[in-house]
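Reading the structure
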Amino acid sequence: MSPPVRRLKSRPITFIFELPTDKLKEFWEGLEKGKVYASKCKKCGQLTFPPTSDCSHCRNQEMEYVDIQGEGEIETFTHIVIRPASFQNHPTYTVAVAKMNSGVKVLAWLTSAKLSNVKVGARVKLAAVQSQDGPSYGFSLVS
Ligand SMILES: [Zn+2]
């Protein structure tokens, strides 16, 4: 006679994400100071967000940081109902990609917005935020 089959239905798994922040320390420090930095190549002027330590356009390694907070326009968005395991403790949320006035595109959470008011072409404001998980950035609708 074989032993009874035990079926595991679910169990909690804790993930710890360690993000390498050495090369982009100024970006993380900027968020704590209320700034949202993109990297700007000192050679060709390419603006990149999230910031990178090397220019993806010309491979130059001399970058500077530019605060890109301000307004932009939603190019696409989605409302997340089925959340990944790492966001199970958050209520449903909306993420959007907006083209900022500076020309760079940003993917961020869109908070404090009634879903029926979120549309492609709507104006959003990007700002640094202090969340329960630490410093971050997000969009809010411009009324
Ligand atoms: Zn460059």
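Reference entry: report on the structure contained in this document. (Residues numbered from 1 in each chain as written. Predicted model: local features only at pLDDT ≥ 70, side-chain atom pairs only at ≥ 80, totals over all residues. Heavy atoms only, no water.)

Concerning the overall build of the chain
In plain terms, the rule: Numbering goes from the N terminus for both helices and strands, where a helix is a DSSP run of H or I of at least four residues and a strand is a run of E of at least two. Just to be clear, the radius of gyration here is over C-alpha atoms, and the globule rule we use is 2.2 Å times residues to the power 0.38. For every residue, the accessible area (1.4 Å probe, protein chains only) is compared with the maximum for its type, and the residue is labelled buried under 20%, exposed over 50%, or partly exposed between those bounds. Note on definitions: a residue-residue contact is assigned when non-hydrogen atoms from the two residues lie within 4.5 Å. Where accessible areas are quoted, they stem from the Shrake-Rupley method and a 1.4 Å probe; at the residue level, only the protein chains shown are allowed to cover. In summary, the charge assignment counts Lys and Arg as positive and Asp and Glu as negative, without counting His or the chain termini. Taken as the charge centre is NZ of Lys, CZ of Arg, CG of Asp or CD of Glu, depending on the residue.
Of the regular secondary structure elements, the chain holds one helix and eight strands. Listing each helix as α and each strand as β along the chain from the N terminus yields α-β-β-β-β-β-β-β-β. Relative to the compact-globule value of 15 Å for 143 residues, the chain shows a C-alpha radius of gyration of 19 Å, a clear excess of over 25%. Considered along the principal axes of its C-alpha atoms, the chain spans approximately 75 × 40 × 25 Å. Within the span of the chain, comprising 143 residues, buried residues form 27% of the whole. Excluding contacts between residues fewer than 6 apart, the proportion of contacts in the chain whose partners are at least 24 apart in sequence is 49%. Roughly 10300 Å² of accessible area belongs to the chain as shown, and the carbon and sulfur atoms make up 51% of that amount. Each charge class in the chain can be summarised by its mean position, and for the 19 positive and 13 negative side chains these summaries are 10 Å apart.

Some words on the sheet that holds strand β4 (residues 70-80)
Under the convention used in this document: Note on pairing: two strands pair once DSSP finds at least 2 bridges between them. Whenever a helix is involved, its axis is fitted only over the stretch in contact; in every case the axis is a line through C-alpha atoms, and angles between N-to-C directions fall within 0 to 180 degrees.
A barrel is described by the order of its strands in space; here five strands give the closed sequence β4-β5-β6-β8-β7, paired in mixed fashion. In this sheet, neighbouring strand axes are inclined to one another by 50° on average, regardless of whether the strands run parallel or antiparallel. Taken together, the four bridges between β4 and strand β7 (residues 123-131) define a ladder with antiparallel strand orientation. Bridge pairing links Gly70 to Leu126 in β7. Sheet strands touched by helix α1 (residues 25-32): β7 and β8 (134-141). Its angle to β8, the strand with the most contacts, is close to 65°.

Some remarks on a nonpolar patch on the surface
Operational definition: Two joining distances apply to patches: 9 Å for like charges and 5 Å for nonpolar side chains (Val, Leu, Ile, Met, Phe, Trp, Tyr), and every residue must have over 30% relative accessible area and no salt bridge. Salt bridges are defined as contacts in which a side-chain nitrogen from Lys or Arg sits within 4 Å of a carboxyl oxygen from Asp or Glu.
Together, Ile13, Phe15 and Phe17 give the surface a local cluster of nonpolar side chains, amounting to about 380 Å² of exposed area. Here Phe15 is to be found in the segment before α1. Given a relative accessible area of 52%, Phe15 falls into the exposed group.

Here's the deal with α1
Selection rule: The arc in question is formed by the directions pointing from the helix axis toward the C-beta atoms.
Residues of α1 that are buried include every one of Phe27, Gly30 and Leu31, and no others. In a view along the axis of α1, the buried residues occupy a sector of 100°, so they form one face of it. Packed against the buried residues of α1 are β1 (37-41), β3 (63-67), β7 and β8. Just downstream of α1, Gly34 is the residue with a positive phi angle, here 90°.

Describing the sheet that holds strand β2 (residues 47-48)
In space, the three strands of this open sheet follow the order β2-β1-β3, with antiparallel pairing throughout. Two strands close off the open sheet at either side, each with one partner strand: β2 and β3. Bridge count for β1 against β3 is five bridges, and the pairing is antiparallel. Residue pairing across strands places Lys40 opposite Glu64, the latter belonging to β3.

A closer look at the coordination of the zinc ion
Here is the rule: In this analysis a donor is any N, O or S atom within 2.8 Å of a metal ion (3.2 Å for sodium, potassium and calcium), and since water is not included, sites may seem incomplete.
Around the zinc ion, the protein contributes the donor atoms Cys41 (SG), Cys44 (SG), Cys55 (SG) and Cys58 (SG), which lie 2.3 to 2.4 Å from the metal centre. For the zinc ion, the donor residues sit on a single chain with the sequence spacing C-x2-C-x10-C-x2-C. Placement of the pair is Cys44 in the loop between β1 and β2 and Cys55 in the loop between β2 and β3, with a sequence separation of 11 residues. Residue class for Cys44 comes out partly exposed when judged on its relative accessible area of 35%.

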